[in-house]
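# Structure assessment
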Amino acid sequence: MSVSAELSEQLLRLTLDALPVYLLLLDAAGGIIFANAAWTRFTRAVGLCTPHAGVGEDYFALCETLPGCDARAFRTAAASIRDVLHGRRESCSSEFSCETGEGRSWYELHARRVETKGRPLLVVTHLDITARKQAKENAIRQHAELAHIARVATAGEIMAGVAHELNQPLTAISNYAQGCVTRLRDGVAAGELTGALSQIMRLAQKSGDIIRRTRNMARKSPPRRSTLNVNDLVHEVLQILHHELVAHGVTVHIQLAEDLPSVFGDAVQVHQVLTNLVLNAIAAVKQMDHAQRELHVTSHARRRSVEVSVIDSGPGFAETPDKLFEPFHTTKPDGLGMGLTISRSIVEAHGGTMRAERAADRTAFRFWLPIQGGAAGV
Ligand SMILES: Nc1ncnc2c1ncn2[C@@H]1O[C@H](COP(=O)(O)OP(=O)(O)OP(=O)(O)O)[C@@H](O)[C@H]1O
Ligand SMILES: [Mg+2]
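The sections below set out a description of the structure shown in this document. Keep in mind that what you see is a predicted model, and the values were worked out from it rather than measured.

What follows covers the pattern of salt bridges. Scanning the entire structure with this criterion turns up 13 salt bridges. With its nearest N and O atoms 3.0 Å apart, the salt bridge here joins Arg344 to Asp322. Here Arg344, found in helix H11 (residues 339-349), pairs with Asp322, found in helix H10 (residues 321-324); they are 22 residues apart in sequence, far enough to count as distant. Residue classification places Arg344 among the buried residues on the basis of a relative accessible area of 18%. Under the relative-accessibility criterion, Asp322 is labelled partly exposed at 48%.

In structure tokens:
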């Protein structure tokens, strides 16, 4: 080897060893033929009992023995890496995690095929993305906490209405029970009270439902996604806010698409979006004469999304629509100005979009959520 070739090999080795990413070179059978210093340090740190940091061993088998290796994620990654190795694709990247001395660490795996003298080789890098992952998880947690605080505030706001709403079934229960007692005293056969007792059961159930719905709103639940029918959530929100709507003389028109496709989302959060929009609509129409207080809630199936519109006959807004979604923007003396900010961020976290529109005598807030299993987009 000439001096300059030797020097350039040394430089190359120094450069590869200086890289913070773990870099490996695999042969066509998946055997490790080269590993840089970062990988060597990593194998020591995780206590991997292998000589020469795994050089000469099978890369795939070795990774599966990493402590706490997320085997399922690694097998998916390994399948893509083998595809690259066999020339079925140029490159691939995926994520997997394992236990290190400092807890669980996350890595982004990249693989690229190169050829030397007609021989295929694979350059594999492991990039530590733990800090990025943790920052994202913290952001999600903080978002969920903020959303929870806002829900508790909203639940407090509507509590008087809920108490009023409960009053009606409780009074009816009391009346039915009183009637049963009187009739029993009058010597009526117990069997004849079945109708009244069934009513008591139904009303008690109804009261329980009202309490459950309000508790769900204030409950601190970790974000949990499931298959949702948005129409059901619309009905539930309008039931919770029934008292507010009646108390302010709002005429409600509901037009929901039949056979609306499901979306995959967090019921508590989508519920929160609808509640915010309906409460804003009530606040808007309150400024109009009684005869002009209207609320329309509609749902439509679009090509790839479900569209929900909350439209009111209020005075509208003078700002640009996007201004309304800015944090702490409020025109209400007791408003926080966070309702729309949180609503839009919830919708966007679900892969959807939200917009405000002002037409002649209508204010519309619309949002789109991707259909379950479909790609995002309207
Ligand atoms: N339906 C609507 N019609 C007219 N203006 C609206 C409507 N909805 C919202 N706005 C305007 O957007 C502002 C921001 O709404 P947002 O829901 O974010 O906050 P808020 O209702 O003021 O307070 P809160 O945080 O309690 O919800 C409102 O103060 C109001 O000026
Ligand atoms: Mg609001």
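What follows concerns the sheet that holds strand E9 (residues 294-301). Pairing in this open sheet of five strands is mixed, and the strands run E7-E9-E10-E12-E11 from one edge to the other. With partners counted over all chains shown, the strands left at the sheet margins are strand E7 (251-256) and strand E11 (353-359), one partner each. The sheet shows a mean angle of 15 degrees between the axes of neighbouring strands, direction not considered. Across seven bridges, E11 lies against strand E12 (residues 362-370) in antiparallel orientation.

Tallied over the entire structure, the rule returns 11 aromatic pairs. Pairwise contacts between aromatic rings join Tyr22, Trp39, Phe42, Tyr59, Phe60, Phe74, Phe96 and Tyr107 into one cluster. One cation-aromatic arrangement involves Arg82 over Phe60; the distance from NZ or CZ to the ring centre is 4.0 Å. Taking the ring centre of Phe325 as reference, the NZ or CZ of Arg344 above it sits at 3.9 Å.

What counts and how
- Residues numbered from 1 in each chain as written.
- Chains lettered and ligands numbered in written order.
- Predicted model: local features only at pLDDT ≥ 70, side-chain atom pairs only at ≥ 80, totals over all residues.
- Heavy atoms only, no water.
- Salt bridge = Lys/Arg side-chain N within 4 Å of Asp/Glu carboxyl O.
- Helix = DSSP H or I, 4+ residues; strand = E, 2+ residues; numbered from the N terminus.
- Buried < 20%, exposed > 50% of the residue type's maximum accessible area, 1.4 Å probe, protein only.
- Pairing = 2+ DSSP bridges.
- Axes fitted to C-alpha atoms, helices over the stretch in contact; angles between N-to-C directions.
- Phe/Tyr/Trp six-rings, centres within 6.5 Å; stacked < 30°, edge-to-face > 60°.
- Lys NZ or Arg CZ within 6 Å of the ring centre and 35° of its normal.

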